[in-house]
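Chain by chain, the residues run as shown.
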Amino acid sequence: MHRRSGLLISAAVCAVSVGSAFAEDSSDPIIIPIHNWSSQIVMSNAVGQIFESMGNSVEFVSTDSQAVYESVRLGDATLEMEVWEGAFGASFRAAVEKGGIHEVATHDAITREDWWYPTWTKEACPGLPDWKALNECAALFATPETGDKGRFLGGPVDWLKHDQEKVDALGINFTVVNAGSAAALWAEIAAAEKDKTPIVLFNWTPNFAEAVWPGEFVEFPAWEEGCDKDPAVGPLPDKIYDCGNPAKGYMKIAAWDGMKDKWPKAYATLQKVNFTNAQIAEMAKLVDIDGMEPEDAASAWLEANEAVWKTWTE
Ligand code: TMO
């Protein structure tokens with residue numbers, strides 16, 4: 001509580017000088033939240049290091065990937081580098097409606113997050129990627145844990161993918177089991193690869209995984225805005241979540257409304273930040289394949305891509 005009113009006061013003091021072209025950034029740290037998938041951690045470190053190269057002070061905090069929108073709205077965190085439409089669109093929109101957080105920019109990256117399988121799975125279930133074919137093949141995906149139902153391996157629960165709601169709405173013969181971490185997803189694909197066991201799990205793009213395991217997303221009824229709220233939207237008139245996630249989703253950058261006045265230079269840089277699918281997949285690869293620590297991966301990425309980001313600081 002105390003800290004927040006402090007932030008508000010300094011934002012107000014700063015606002016007085018904003019009209020001048022010489023407004024300086026506050027020496028308070030820019031608070032950058034990090035979550036539980038690699039590209040977000042590396043990208044956040046990269047942008048933090050860019051701010052540091054401009055003389056700013058930066059602090060990283062590990063936060064829940066849904067609750068972060070409330071934190072940014074209140075100014076407890078300053079920005080969010082990866083607002084994925086599929087996983088976070090609802091939480092982001094809800095926070096924007098309450099006020100205090102806004103969209104700064106949209107990355108060039110086009111995103112998709114949904115049920116996915118490595119190519120060998122299709123040999124066992126040739127009707128894929130249609131979800132109805134997946135349903136007919138459910139027994140192929142059964143595990144001791146799921147009995148005669150297929151197992152869908154979901155991501156960590158804070159990604160809130162509503163997989164169980166989708167299973168219930170579409171009447172799919174699957175049980176949702178959530179992995180504890182992103183690393184657990186990759187370990188399961190690698191284990192299944194040994195004897196080409198069929199597997200269907202949560203995955204996304206851009207990600208390093210697409211360069212390692214060719215595969216496809218399951219095609220559910222196409223996402224339509226409101227499918228998660230309005231039973232009338234989607235193919236079944238009385239169900240919500242009777243659809244897949246957006247197949248061409250956005251990835252946005254969000255910030256606390258006070259950032260612009262408190263750190264005007266950093267904010268001007270943030271407005272120019274923009275990553276592509278290939279760049280984001282590369283950031284994840286540096287950690288998930290090459291085994292680098294995220295801060296080292298960020299430094300290596302910045303060093304190899306100076307032409308991409310240097311102009312953002314001018
Ligand atoms: C938010 N995520 C990229 C893990 O789907």
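Sequence positions are assigned chain by chain, starting from 1 and proceeding in written order. Given that this is a predicted model, residues contribute local features only at a pLDDT of at least 70 and side-chain atom pairs are listed and counted only at 80 or more, while totals for whole chains, interfaces and linings are drawn from all residues. As a convention, hydrogens and water are excluded, and side-chain values are obtained from all of the structure's heavy atoms.

Caption draft 1: Molecular detail of helix H12 (residues 277–288). Think of it this way: any DSSP run of H or I at least four residues long counts as a helix, any run of E at least two long counts as a strand, and we number them from the N terminus. Here, expected helix span is obtained from the residue count minus one, scaled by 1.5 Å. Under the 1.5 Å per step criterion, the end-to-end length of H12 is 16 Å for 12 residues, consistent within 8% with the ideal 16 Å. Buried means the residue's accessible area, taken with a 1.4 Å probe over protein chains only, is under 20% of the maximum for its type, while exposed means over 50%, and partly exposed covers the values in between. Gln279, Ile280, Ala281, Met283, Ala284, Leu286 and Val287 are the residues of H12 that are buried.

Caption draft 2: Quick look at the pairing of strand S8 (residues 200–205). Buried residues dominate S8, accounting for six of its six residues. Taken together, the five bridges between strand S5 (residues 112–118) and S8 define a ladder with antiparallel strand orientation. By the bridge assignment for S8, Arg112 is matched with Thr205. One bridge is not enough; two strands pair if DSSP finds at least two bridges between them.

Caption draft 3: Region of the structure containing the environment of Lys285. Positionally, Lys285 belongs in helix H12. When the C-alpha atoms of Lys285 and Ala255 are compared, they prove to be 26 Å apart, with 30 residues separating the residues in sequence. Filtering out sequence-adjacent residues up to four positions away, Lys285 remains in contact with Phe208 and Asp290. Contacts are assigned to residue pairs with any non-hydrogen atoms lying within 4.5 Å of each other.

Caption draft 4: How the structure looks around the sheet that holds strand S4 (residues 101–106). In spatial order, the strands read S3-S10-S4; together these three strands make up an open sheet with antiparallel pairing. The sheet terminates laterally at strand S3 (79–84) and S4, the two strands that pair on one side only. With strand direction ignored, the average angle separating the axes of adjacent strands in the sheet is 35°. Pairing between S3 and strand S10 (residues 251–256): four bridges, direction antiparallel. Paired with Leu79 across the bridge in S10 is Ala255. Here the axes come from fitting lines to C-alpha atoms, over the contacting stretch only for helices, and the angles between their N-to-C directions go from 0 to 180 degrees. Of the strands in this sheet, S3 and S10 touch helix H2 (residues 38–53), which is tilted by about 150° from S3. Strands in contact with helix H4 (residues 85–98) are S3, S4 and S10; relative to S3, the strand with the most contacts, it is inclined by about 130°.

Caption draft 5: Spatial organisation of the pattern of salt bridges. Here a salt bridge means any side-chain nitrogen of Lys or Arg lying within 4 Å of a carboxyl oxygen belonging to Asp or Glu. Here the structure, examined in full by the defined rule, presents 13 salt bridges. Between Asp290 and Lys285 there is a salt bridge; the shortest N-O distance is 3.0 Å.

Caption draft 6: Representation of the site of the ligand within the structure. A cutoff of 4 Å decides nearness: a residue is near a molecule or strand if any of its heavy atoms lies inside that distance of it. Taken together, the neighbourhood of the ligand is formed by Trp37, Trp84, Ala87, Phe88, Glu113, Trp159, Phe202 and Trp204. In protein, a polar contact means a hydrogen-donor-capable atom and an acceptor-capable atom, both N or O and within 3.5 Å, with residues adjacent in sequence counting only if both atoms are side-chain atoms; elsewhere, any N or O pair within 3.5 Å suffices. A distance of 2.7 Å separates an oxygen atom of the ligand from a polar side-chain atom of Glu113. Elements that contribute at least two residues to the shell around the ligand include exactly H4 and S8. Residue classes follow a fixed rule: Ala, Val, Leu, Ile, Met, Phe, Trp, Tyr, Cys and Pro count as nonpolar, while Asp, Glu, Lys and Arg count as charged, and any other residue, Gly among them, counts as polar. Residues that form the shell around the ligand fall into these classes: seven nonpolar, no polar and one charged. These domain boundaries are the output of an automatic or database domain assignment. When we break the shell around the ligand down by domain, the ones giving at least three residues each are domain 1 (27–110 + 248–313) and domain 2 (112–217).

Caption draft 7: Spatial organisation of helix H13 (residues 294–304). Among the residues of H13, Pro294, Ala297, Ala298, Trp301 and Leu302 are the ones counted as buried. Burial along H13 is one-sided: seen end-on, the buried residues are contained in an arc of 130°. Residues of H13 that are exposed and point more than 90 degrees away from the buried face comprise Glu303 and Ala304. Here the buried face of H13 lies against H2, H12 and helix H14 (306–309). The directions considered for the arc are those from the helix axis to the C-beta atoms.

Caption draft 8: Inspection of the nonpolar core at higher detail. Ranked by size, the top nonpolar core spans 88 residues in total, and within it Phe51, Trp115, Phe174 and Leu270 carry the most contacts. Counting residues per element, this core draws most heavily on H2, at six residues. Taken domain by domain, the makeup of this core includes at least three residues from each of domain 1 (27–110 + 248–313) and domain 2 (112–217). Contacts of Phe174, omitting those with residues within four sequence positions, involve Trp115, Leu134, Asn135, Ala138, Phe141, Lys149, Gly150, Arg151, Phe152, Val167 and Val200. What makes a nonpolar core is a set of buried Ala, Val, Leu, Ile, Met, Phe, Trp, Tyr and Cys residues whose side-chain atoms join them at distances within 4.5 Å.

Caption draft 9: Unusual backbone geometry, seen in detail. Between Leu128 and Pro129 the backbone carries a cis peptide bond, its omega angle lying at 15°. By the secondary structure assignment, Pro129 is in the loop between helix H5 (120–124) and helix H6 (131–136). Here the residue pair Thr205 and Pro206 is connected by a cis peptide bond, since its omega of 5° sits within 30 degrees of zero. Looking at the element boundaries, Pro206 is found in the loop between S8 and helix H9 (209–212). Although it is not a glycine, Lys196 adopts a positive phi angle of roughly 55°.

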